[in-house]
Amino acid sequence: MEKKWWMTTTIYQIYLRSFYDSNNDGIGDIRGVTEKLEYLKELGIETIWISPHYDSPMDDNGYDVRDFYKISSDYGSLNDFKNLIRKAKELEMKVLIDLVLNHTSDEHPWFQAAKNPNHPDFDKYHDYYIWHKPRYINGERTKPTDWVSWFGGPTWDYNEATDEYYLHIFSKKMPDLNWRNQDMKNDLYDIITYWVGIGVDGFRVDAANHLEKDWDFPNGKPGYEYFSSLPKHHEYIKEIAEKIFIPNNLLTLGESGGATKQEVIKYVGFDSNEFNLLIHFGHCWADTEYTGEAITGKWSKGKLRVSDIKKSYAHQYEILDQDGWNLVYWHNHDQPRVVSHYGNDQLYHHESAKMLAITLYFMPGTAIVYQGEEIGMTNVLYNDISDFRDVEVFTEYQNMLNASVSESRALQAIKDRCRDNARTPMQWNSQNHGGFSKVEPWIKTNFNYDEINVEKQDDNPDSILNIYRFILKHRVEDAKNIIFGKIEFINIDDNESYCYINHGEDVDYLVIANFRDYEIEINLGDTDLNGFDYFYGDFIDLKKIMKLKPYETCCFTKKLA
Ligand code: GLC
Ligand code: CA
């Protein structure tokens, strides 16, 4: 295997709108990122990935792009962006941007022309999107299919001027692009090339598995199989990779939920020219459980299945083994905060955040840290639906009410699961709004910023922040044993513990963790414990059978002969 720089880099995901507001208008911005690069460098970060920074009406916080060539006035200017790149280079850091290829905003000039037969460019742009004539049932106009969008609600909206519906698998302000149109693709290639010219080091490719649709448009609610992971989307990705990503030596992170074994290899196998790293969500929803209520999918919260998390990782390691490269991360801007979701953000905030850091970052592969994870930021607990900002919240909340779920139960589901949990302003210090901004931010700061913030944790050697700093640096310093190691899970079916040996070149790492908020007994069975010494964590004694307090975690190492 040829070693690449991106195998040992640590990536930090920045949710731009909520990271740091440099000009006090309540919105995070590009200069805010530049000002905090040193903080990130000190954390052990060498690559940042910034959520969409393009001009946008912000229906989906920038994933709805109005102009790919322009920087959102919320976030700054092109000069600000160039300064960020310059400063990052000085600090020897890399910058990745988000690339939204599946859809545009409905306010994008292409769509404005596409929907209006009187527009001079109608003929050119109409086919950039996906249209369908209405169906008529008993003489009544109805949608072409019964598909359900990822944000809840139908995937089709009617356009009177052409008497057609357009497809949108996300919000209705995000019409899907037609990847069978070569001019459209060429226009996107120009956009990508433009940003490469500005100096970015790579891309996170949004919603990559949705680019192709089933053009027969069959019915079948919710219809995901008709607009997700269709074989042809691999051709599209390969084409961009071969034209732009590979010749320019860029790092690419592809987003694709639910990839099968064959697909994982297609995306990130060393011999297949698509992406370098794959973001899937195999381990992200290990506590969904359908209870018979009208609350379904990710909104249905049940008991955590720790074994599912381990099995998802084990599965990826097994698939890629010698043939591709793995990525380790807990979550992103689309999931609840991990310490609230998989840990315990009340009684065991510190213990569980530490457990999550140790279990994750001693595993092999490239690591991602999501903004705020390094200080143990938690879910938000707004008590009023009007405090939420995510477009998805409103459709899904309404869906629940329509299905006769009570307001309080629906609000609870939203609080537990919604994406806004991970989107509240970064908590820098104990000043108003957590030091994110001097004015009321676009989304309310978590009430706990006084307790949980960077400044407070900075000098405390035991803080979550300093645990992250230590582990992130160590995993790179000992890359040959950790990042390039080979993992073997212990008691993978067990639903309480998270234990593994990461077999390195000359050192083995043994991690033992209690993933629960109660005391458990761990039996290490046949695992050979000879030669392991305490390295990092909560306890010193290593025995075959151990009692572990809530979230107790430890890492041991063994020098190999
Ligand atoms: C991806 C993004 C998500 C966005 C969606 C549509 O899943 O991570 O935030 O809403 O794509 O662009
Ligand atoms: Ca700002």
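Remember, it's a predicted structure, so these values are computed and weren't measured experimentally.

Basis of the calculations
Residues numbered from 1 in each chain as written. Chains lettered and ligands numbered in written order. Predicted model: local features only at pLDDT ≥ 70, side-chain atom pairs only at ≥ 80, totals over all residues. Heavy atoms only, no water. Pairing = 2+ DSSP bridges. Helix = DSSP H or I, 4+ residues; strand = E, 2+ residues; numbered from the N terminus. Near = heavy atom within 4 Å. Polar contact = N/O pair within 3.5 Å; in protein donor to acceptor, adjacent residues only side chain to side chain. Areas by Shrake-Rupley, 256 points an atom, 1.4 Å probe, with all protein chains shown as cover. 1 Å grid on protein atoms, 1.4 Å probe; cavity = no way out; pocket = protein on both sides within 12 Å on 5 of 7 lines; lining within 4 Å. Sits in = over half its atoms within 2 Å of the grid points. Nonpolar A, V, L, I, M, F, W, Y, C, P; charged D, E, K, R; others polar. Axes fitted to C-alpha atoms, helices over the stretch in contact; angles between N-to-C directions. Parallel < 35°, antiparallel > 145°, perpendicular 65-115°, else oblique. Left-handed = near helix turned anticlockwise from the far one by under 90°. Contact = heavy atoms within 4.5 Å. Phe/Tyr/Trp six-rings, centres within 6.5 Å; stacked < 30°, edge-to-face > 60°. Buried < 20%, exposed > 50% of the residue type's maximum accessible area, 1.4 Å probe, protein only. Expected span 1.5 Å × (residues − 1). Arc of directions from axis to C-beta. Disulfide = S-S within 2.5 Å. Points joined across faces, edges and corners; volume = space filled by probe spheres on them. Core = buried A, V, L, I, M, F, W, Y, C linked by side-chain atoms within 4.5 Å. Salt bridge = Lys/Arg side-chain N within 4 Å of Asp/Glu carboxyl O.

Colleague: Where do I start with the sheet that holds strand β10 (residues 164-167) in this structure?
Modeller: What holds strands together in a sheet is hydrogen bonding between their backbones, with the strands either parallel or antiparallel. Read across the open sheet, the 3 strands follow the order β6-β10-β9; overall the sheet is antiparallel. Two strands close off the open sheet at either side, each with one partner strand: β6 (131-132) and β9 (156-159). Summarising the sheet, β9 and β10 pair through 4 bridges and their orientation is antiparallel. What sits directly across from Tyr 158, in β10, is Tyr 165.

Colleague: For this particular structure, what's the right way to read the site of ligand 1?
Modeller: Surveying the vicinity of ligand 1 reveals 13 residues, the closest of which are Asp 60, Arg 204, Asp 206, His 333 and Asp 334. Contact distances for ligand 1 include 2.5 Å between an oxygen atom and a side-chain N or O atom of Asp 60. Relative to its free-state accessible area of 310 Å², ligand 1 is covered by the protein chains to the extent of 95%. Given that more than half its atoms are within 2 Å of the pocket grid, ligand 1 belongs to the largest pocket. Its residues assigned to classes, the shell around ligand 1 shows 4 nonpolar, 2 polar and 7 charged.

Colleague: Quick question: what am I supposed to make of the packing of helix α6 (residues 182-198) against helix α8 (residues 232-245) here?
Modeller: When two helices pack together, their arrangement is given by the angle between their axes and by how far apart the axes lie. Running from N to C, α6 and α8 point in directions that differ by 40 degrees, and their axes come no closer than 11 Å. For the element pair α6 / α8, the angle class is oblique. The chirality of how α6 crosses α8 is right-handed. The segment α6 lies against α8, with Gln 182, Lys 185, Tyr 189, Ile 192, Thr 193 and Val 196 engaging Tyr 236, Glu 239, Ile 240, Lys 243, Ile 244 and Phe 245. When the residues that make up the contact of α6 with α8 are grouped by side-chain class, the tally is 7 nonpolar, 2 polar and 3 charged.

Colleague: Would you explain the sheet that holds strand β14 (residues 327-328) in this entry?
Modeller: With respect to topology, 8 strands assemble into an open sheet ordered β13-β12-β11-β5-β2-β1-β15-β14, the strand pairing being parallel. Every interior strand has two partners, whereas the edge strands, β13 (277-279) and β14, have only one. Relative to strand β15 (residues 366-370), β14 runs parallel, the two sharing 2 bridges. Across the sheet, Leu 327 pairs through a bridge with Thr 366, a residue of β15.

Colleague: It is not clear to me how the packing of aromatic side chains should be interpreted in this structure. Could you clarify?
Modeller: Two descriptors summarise a pair of aromatic rings, namely the distance from one centre to the other and the angle between the planes of the rings. In the structure shown here, the tally under the stated rule is 50 aromatic pairs. Where Tyr 498 meets Tyr 500, the ring centres are 6.1 Å apart and the plane angle is 80 degrees; that geometry is what we call edge-to-face. Take Tyr 498 and Tyr 500: they sit in the same class, and that class is buried. Grouping aromatic residues by their ring pairs yields a cluster made of Tyr 54, Phe 68, Tyr 69, Phe 81, Trp 110, Tyr 125, Tyr 128, Tyr 194 and Trp 195.

Colleague: I tried to follow the environment of Asp 216 on my own but got confused; where do I start?
Modeller: Position of Asp 216 relative to the elements: it lies in the loop between β11 (202-206) and α7 (224-227). The spacing of Asp 216 and Asn 61 is 155 residues in sequence and 32 Å in space, taken between C-alpha atoms.

Colleague: Got a minute to help me understand the environment of Asn 344 in this structure?
Modeller: Looking at the element boundaries, Asn 344 is found in the loop between α11 (338-341) and α12 (349-361). Spatially, the C-alpha atom of Asn 344 lies 50 Å from that of Gln 182, the residues being 162 residues apart in sequence. If we ignore the near neighbours within four places in the chain, the residues touching Asn 344 are Val 339, His 349, Ser 352, Asp 517 and Tyr 551. In this structure the side chain of Asn 344 is engaged in a polar contact, spanning 2.9 Å, whose partner is the backbone nitrogen of Gln 346.

Colleague: When you look at α8 in this model, what are you seeing that I'm missing?
Modeller: Think of an α-helix as turning once every 3.6 residues; residues three or four places apart then point the same way. End to end, α8 covers 19 Å across 14 residues, agreeing with the expected 20 Å (1.5 Å per residue, within 8%). Three or more residues of α8 are buried, namely His 233, His 234, Tyr 236, Ile 237, Ile 240, Ala 241, Ile 244 and Phe 245. The buried residues of α8 occupy one face: seen down the axis, they fall within an arc of 160 degrees. Where the residues of α8 are buried, they touch β5 (94-100), α6, β11, β12 (251-255) and α9 (261-268).

Colleague: Teacher, can you tell me more about the state of the cysteines here?
Modeller: One covalent bond between the sulfur atoms of two cysteine residues makes up a disulfide. In total, this model carries 0 disulfides according to the counting rule given. The cysteine Cys 554 is free of any disulfide, with Cys 555 supplying the nearest cysteine sulfur at 6.9 Å. Residue Cys 554 is classed as buried on the basis of its relative accessible area, which comes to 0%.

Colleague: Help me understand the layout of surface pockets in this model?
Modeller: A probe matching the size of a water molecule, rolled over the atoms, marks out where space remains unfilled. In this model, the largest pocket occupies a volume close to 1,200 Å³. Among the elements of the structure, β11 and α13 (391-402) are those that each provide at least two residues to the lining of the largest pocket.

Colleague: What's the story with the nonpolar core in this structure? I'm lost.
Modeller: Nonpolar side chains in soluble globular proteins generally cluster together in the buried interior. Ranked by internal contacts, the top residues of the largest apolar core, which has 154 residues, are Leu 40, Ile 48 and Phe 203. Ranked by the residues each element gives to this core, the list is headed by α6, at 8 residues. The contact partners of Phe 203, leaving out residues within four places of it in the chain, are Leu 96, Ile 97, Leu 99, Ile 192, Trp 195, Val 196, Phe 245, Leu 250, Leu 251, Thr 252 and Leu 253.

Colleague: Any chance you could explain the side chain of Ser 72 here in plain terms?
Modeller: Within the element layout of this structure, Ser 72 appears in the loop between β4 (67-71) and α3 (78-90). At 3.0 Å, the side chain of Ser 72 and the backbone nitrogen of Asp 74 are in polar contact.

Colleague: For this particular structure, what's the right way to read the pattern of salt bridges?
Modeller: Close approach of charged atoms allows side chains with opposite charge to pair. Overall, the coordinates contain 34 salt bridges when judged by the stated rule. One salt bridge in this structure joins Glu 212 and Arg 180, with 2.4 Å as the shortest N-O distance. Of the two residues, Glu 212 is situated in the loop between β11 and α7 and Arg 180 in the loop between β10 and α6; the sequence distance between them amounts to 32 residues. Sharing partners across several salt bridges, the network here consists of Asp 60, Lys 298, Asp 334, Asp 390, Glu 392, Arg 419 and Arg 423.

Colleague: In this structure, what is going on with the pairing of β11? I would like to understand it.
Modeller: Counting buried residues along β11, 5 of its 5 residues qualify, which places the element largely inside the surrounding structure. The alternating pattern of β11 places Gly 202, Arg 204 and Asp 206 on one face and Phe 203 and Val 205 on the opposite face, and all of these are buried. Relative to β12, β11 is paired through 4 bridges, and the arrangement is parallel. Bridge assignment links Phe 203 to a residue of β12, and that residue is Thr 252.

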